[in-house]
Amino acid sequence: MIEVYGDIENMTETSFLLLTNSNQALKIYVFLFNGSRVWTFIENLNKKEFKPQNLVQRDSLSEEIKISKTTSKIFLFMCFVTCCLWGIFPFLDRQPGEKIRLPLSGWYPFGTDTSPSFELVYAYQIFATWINGMGNITMDTFISGAIMAISVQLKILNNSFEVMTVQNYQNRNLRCESTLKNLRRALVKNIVHYRSILQLSAEMTSLFTICMTSQFAVSVIIICMTMFQMSLVSVASLQFLSMLLYQACILLEIFLWCYYGNEVIIESEKLTQSAYVCEWIECTKEFKKDLLFFMTRTQFPLKLYAGGYFTLSLGTYMAVGVITAIYRCH
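Since the model is a prediction, treat every value here as computed from it, not as a measurement.

The next point concerns the overall build of the protein chain. Assigned secondary structure in the protein chain consists of nine helices and two strands. Its C-alpha atoms give the protein chain a radius of gyration of 26 Å, more than 25% over the compact-globule value 20 Å for 330 residues. On the principal axes, the C-alpha backbone points of the protein chain span a range of 90 × 40 × 35 Å. Counting every position in the protein chain, which comprises 330 residues, the buried fraction comes to 45%. For the protein chain, long-range pairs separated by at least 24 residues make up 78% of all intrachain contacts whose partners lie at least 6 apart in sequence. As displayed, the protein chain has an accessible area near 17800 Å², and 64% of this comes from carbon and sulfur atoms.

Turning our attention to the pattern of salt bridges. If you walk through the whole model with that rule in mind, you get six salt bridges. Linking lysine 27 and aspartate 140 is a salt bridge whose minimum nitrogen-to-oxygen distance equals 2.6 Å. Of the two residues, lysine 27 sits in helix 1 (residues 8–33) while aspartate 140 sits in helix 4 (residues 117–162), which places them 113 residues apart along the sequence. When the shortest N-O distance is used, the salt bridge between aspartate 290 and arginine 184 registers 2.5 Å.

Another aspect to go through is helix 3 (residues 55–92). Look at helix 3: 54 Å from first C-alpha to last across 38 residues, which is about the 56 Å you get at 1.5 Å a residue. The largest bend along helix 3 reaches roughly 30 degrees and is located at tryptophan 86, with the proline proline 90 sitting one to four residues downstream. Of the residues that open helix 3, the one with a side-chain oxygen 3.1 Å from the backbone nitrogen of valine 56 is asparagine 54.

This part takes up the nonpolar core. Ranked by internal contacts, the top residues of the largest apolar core, which has 63 residues, are Ile147, Met204 and Met212. Looking at which element gives the most residues to this core, the answer is helix 5 (residues 177–230), with 19 residues. Leaving out residues up to four positions away in the same chain, isoleucine 147 has contacts with Met204, Met212, Trp257, Tyr260, Gly261, Val264, Leu304 and Leu312. Formed by eight residues, the second largest nonpolar core is a distinct cluster that contains Phe75, Cys79, Leu252 and Leu256.

This part is about the side chain of asparagine 190. Tracing the backbone shows asparagine 190 in helix 5. Once residues lying within four places of it in the same chain are set aside, the contact partners of asparagine 190 are Leu157, Ser160, Phe161 and Met164.

Rules behind the numbers
Residues numbered from 1 in each chain as written. Predicted model: local features only at pLDDT ≥ 70, side-chain atom pairs only at ≥ 80, totals over all residues. Heavy atoms only, no water. Helix = DSSP H or I, 4+ residues; strand = E, 2+ residues; numbered from the N terminus. Rg over C-alpha atoms; globule rule 2.2 N^0.38 Å. Buried < 20%, exposed > 50% of the residue type's maximum accessible area, 1.4 Å probe, protein only. Contact = heavy atoms within 4.5 Å. Areas by Shrake-Rupley, 256 points an atom, 1.4 Å probe, with all protein chains shown as cover. Salt bridge = Lys/Arg side-chain N within 4 Å of Asp/Glu carboxyl O. Expected span 1.5 Å × (residues − 1). Bend = angle between axes of the 7 residues up to and from the residue. Polar contact = N/O pair within 3.5 Å; in protein donor to acceptor, adjacent residues only side chain to side chain. Core = buried A, V, L, I, M, F, W, Y, C linked by side-chain atoms within 4.5 Å.

Structure representation (structure tokens):
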């Protein structure tokens, strides 16, 4: 950046990877500095409150885990293809007689125009970019998986309220005292489950809010930079395709967080209705009071924030798209 300062084209070509790697360094620091808390967060997912209680809940959890794994594999494959394209486009996207250049801009304290330094730097750039890309995606999909876990727990809790009826404990024609006590125990169990979800979401936000905030800020800049770079090359070139895939990776990166964050909002908004459908009419006054307190609390849906400013939702993702569209128009 110092060497090419003032050259807009070269600065933009350098800046998007500089920002990506700087942001990744911050993520690595967060994961290493909070290593024990991250492991504790993972272990907390095995708490008894989070265990599925019926086949519907088990199937919901299994389906979400399956989708999350598939998405991670697609993400990693996109990263691998992007790095491969960066490695081969200098050979294919060049004029006859033109010298092969390095795939990425960079400054080195030695000449890179002669052999074997050129080959060594070339291999270093591709290998380092591949390792950085895989590491970056691994951390991002871990965070999206954590948000997914919160959303699926809210889905499980909704189901727990929906099946929490007197008929589950006793014949519908028999409203005995023991049945009503079992129903109240189920309510308390669900309230404890909800409190555990709130604690889990608070810990997730505390751990990764810096990562998510920096990623949102950096993503907008990177998308604009890559769009500028794409406007300088031919649409039919491999360099254009590699930049397009890179931009798709950046967009998918924040989409996963926003999508699962939006699912958290949707599922938490359902809790009031799910609690209301249980058969509370013939229950005790204490049961109705506890249920009313819970329903009052769930009037405010659970939302996950990045830095206390960015709400993880599809609305925020659309806002990022609007910003980049405005930049493109200019």
